Amino acid sequence: FTVLFMYFTSIPTAQTTDCMHLREQCINAANGCESIWNVLEDICNISVLGNRCKAEDVIGCNRIIQVLADEYPEFKNCVCTTDDFCSITTLLGKQCSINKDNISIETKLQWSLSALSKQAYTANRTCLDVNKECVEDEVCNKQLSLYLKVCSVNKKCNMEECQAAIRFFYQNMPFEVAQMMTFCDCIQADESCHRAKELLRGKPCAVTAVPPPSCLNVIHVCEANELCRKKYTNFRSKCWRHVTKKCYGDEACLETLIKDDMPCSANADCKAAYISNWGTMLRVECTCQNLPPAEQSLCELFHHMLHSKSCFS
C-alpha cells in the first residue's frame, strides 16, 4: 500500500491540472455535478482555502468520488479502481493526504463487517427502531452522520446538495439495510417515530419544495435530467412493466389507465429500483391540486406510481 500511496501522491502535474479543470467545469455546469462536488469536499474534509485536504474518513471519501465518476463519466480518468484508498490522491493530487493511522480502523468499518447489514429484512419495522439500530451500529451511524451533516435543518437547505448526499447514503448500504429504512413506518400518534422517519427520508430538505410541484412537472423535470431519467426508466421497467409494455411512456395512453389496472411487480428488483430513486426529483413531494381537469387523471396516475406504498404492502 505504501508504494501505491507514494505513486498516487506524485502523479503527473498535467493529470492533476486536467482533473482540476474538470472540477471547474463541474462547478459551473448547472447540471447537478456541483452538488456532488460540494458533498465530496465536505466528506473528504477539503479546507475552505482549497489548498489542503485530510481525508480521515478514507472509505467515505473514496465512495463519494466513485459516485461522482459513476454519475459524471468524464471524471473516470481521474480516479482508479485498483485500490480502495487511491482515488482521492489520484483525483486531488498532492493537495490531499491520507491519515494512514486510520486506514486499519476504516477497513474494519466497511459494511461487510457491519452487524446491522447481517440482519434479515423484516417488514413492519418502526422507523424509530430502524433509526436507533443505525445510530447504534458503528458503520451505519458514520454514513448517517455524513448525510445529516449536509442535510441539516440547522443550516440553509441546498436541495441539490442534500439530494446528492441522500443518493450517496442509500447507494452505499446493503440492500437489506436500505429496505429497512425505506419501508419502515410509524403509528399515527408516535411523534418520535415520525421525526425519525423524516430523518431517513431527507425531510424537509431533499423532498420538500415550496410550493409543491405537480406530479406531472416532477416527471417532466426528471426526464430532462439524464441521471433521473435513467432511474425513472429502470423504475418503470422493474415495478410497472405492465404500464411500460402497454403504453411505452405515451402520456395519452397512460391517461386511459386507472390505478386498479396497474399491477406492480413488488419483487426485489422493483424494491431496489424504488430505493434508487432516493435523492432524485422522483422522491420530491408532489401534488395534483389546482390542475386543469384534463390533466388530473394523468397526474394522479403518476402520484400513485411514485408515492403509493400499495405496491409494497
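A quick note: this is a predicted structure, and the numbers were derived from the prediction, not measured.

What counts, and at which threshold
Residues numbered from 1 in each chain as written. Predicted model: local features only at pLDDT ≥ 70, side-chain atom pairs only at ≥ 80, totals over all residues. Heavy atoms only, no water. Helix = DSSP H or I, 4+ residues; strand = E, 2+ residues; numbered from the N terminus. Buried < 20%, exposed > 50% of the residue type's maximum accessible area, 1.4 Å probe, protein only. Contact = heavy atoms within 4.5 Å. Areas by Shrake-Rupley, 256 points an atom, 1.4 Å probe, with all protein chains shown as cover. Axes fitted to C-alpha atoms, helices over the stretch in contact; angles between N-to-C directions. Parallel < 35°, antiparallel > 145°, perpendicular 65-115°, else oblique. Disulfide = S-S within 2.5 Å. Phe/Tyr/Trp six-rings, centres within 6.5 Å; stacked < 30°, edge-to-face > 60°. Expected span 1.5 Å × (residues − 1). Polar contact = N/O pair within 3.5 Å; in protein donor to acceptor, adjacent residues only side chain to side chain. Left-handed = near helix turned anticlockwise from the far one by under 90°. Nonpolar A, V, L, I, M, F, W, Y, C, P; charged D, E, K, R; others polar.

Caption draft 1: Highlighting the overall build of the chain. A count of helical and extended segments in the chain gives 17 helices and 2 strands. Across the 313 residues of the chain, 49% fall into the buried class. Considering only contacts within the chain whose residues lie at least 6 apart along the sequence, 70% involve residues at least 24 apart. For the chain, the exposed area adds up to about 15,600 Å²; of that, 52% sits on carbon and sulfur atoms.

Caption draft 2: Examining the packing of helix α13 (residues 226-239) against helix α17 (residues 293-307) more closely. Contact pair α13 / α17: the axes reach a minimum separation of 11 Å and the direction vectors enclose 85 degrees. Relative to α17, α13 is oriented roughly perpendicular. Residue-level inspection shows Y232, F235 and R236 of α13 in contact with α17, the latter providing F302, M305 and L306.

Caption draft 3: Summary view of the state of the cysteines. Counted under the stated rule, the structure contains 10 disulfides. Covalent S-S linkage joins C239 and C270, the inter-sulfur distance amounting to 2.1 Å. On the S-S bond that ties C239 to C270, the torsion sits near 105 degrees, and the link is right-handed. One end of the pair, C239, is in helix α13; the other, C270, is in helix α16 (residues 268-275), with 31 residues separating them in the sequence. Grouping residues by exposure puts C239 and C270 together as buried.

Caption draft 4: Summary view of the packing of aromatic side chains. Tallied over the full model, the rule gives 6 aromatic pairs. Their ring planes at 20 degrees and their centres at 5.7 Å tell us that F183 and Y274 sit as a pair that is stacked. One end of the pair, F183, is in the loop between α10 (175-182) and α11 (191-201); the other, Y274, is in helix α16, with 91 residues separating them in the sequence. Comparing F183 with Y274, the two get one shared label, buried. Taken together, the ring pairs in this structure connect Y147, F169, Y170 and W278 into an aromatic cluster.

Caption draft 5: Fine view of helix α9 (residues 159-171). Here α9 spans 18 Å end to end across 13 residues, near enough to the 18 Å set by a 1.5 Å rise per residue. For α9, a buried count of 10 out of 13 residues is recorded, marking the element as mostly surrounded by other parts of the structure. Those residues of α9 that fall on the buried side of the exposure criterion are E161, C162, Q163, A164, A165, I166, R167, F168, F169 and Y170. Its side-chain oxygen placed 3.2 Å from the backbone nitrogen of E160, N158 serves as the N-cap of α9.

Caption draft 6: Region of the structure containing the packing of α13 against α16. Between α13 and α16, the least distance of the axes is 8 Å, while the angle of their chain directions is 155 degrees. As far as their axial angle goes, α16 and α13 are roughly antiparallel. The element α13 and its partner α16 pack so that their crossing is left-handed. Of α16, the residues touching α13 (which contributes N234, F235, K238 and C239) are D269, C270, A273 and Y274. Classifying every residue of the contact of α13 with α16 by side-chain character gives 5 nonpolar, 1 polar and 2 charged.

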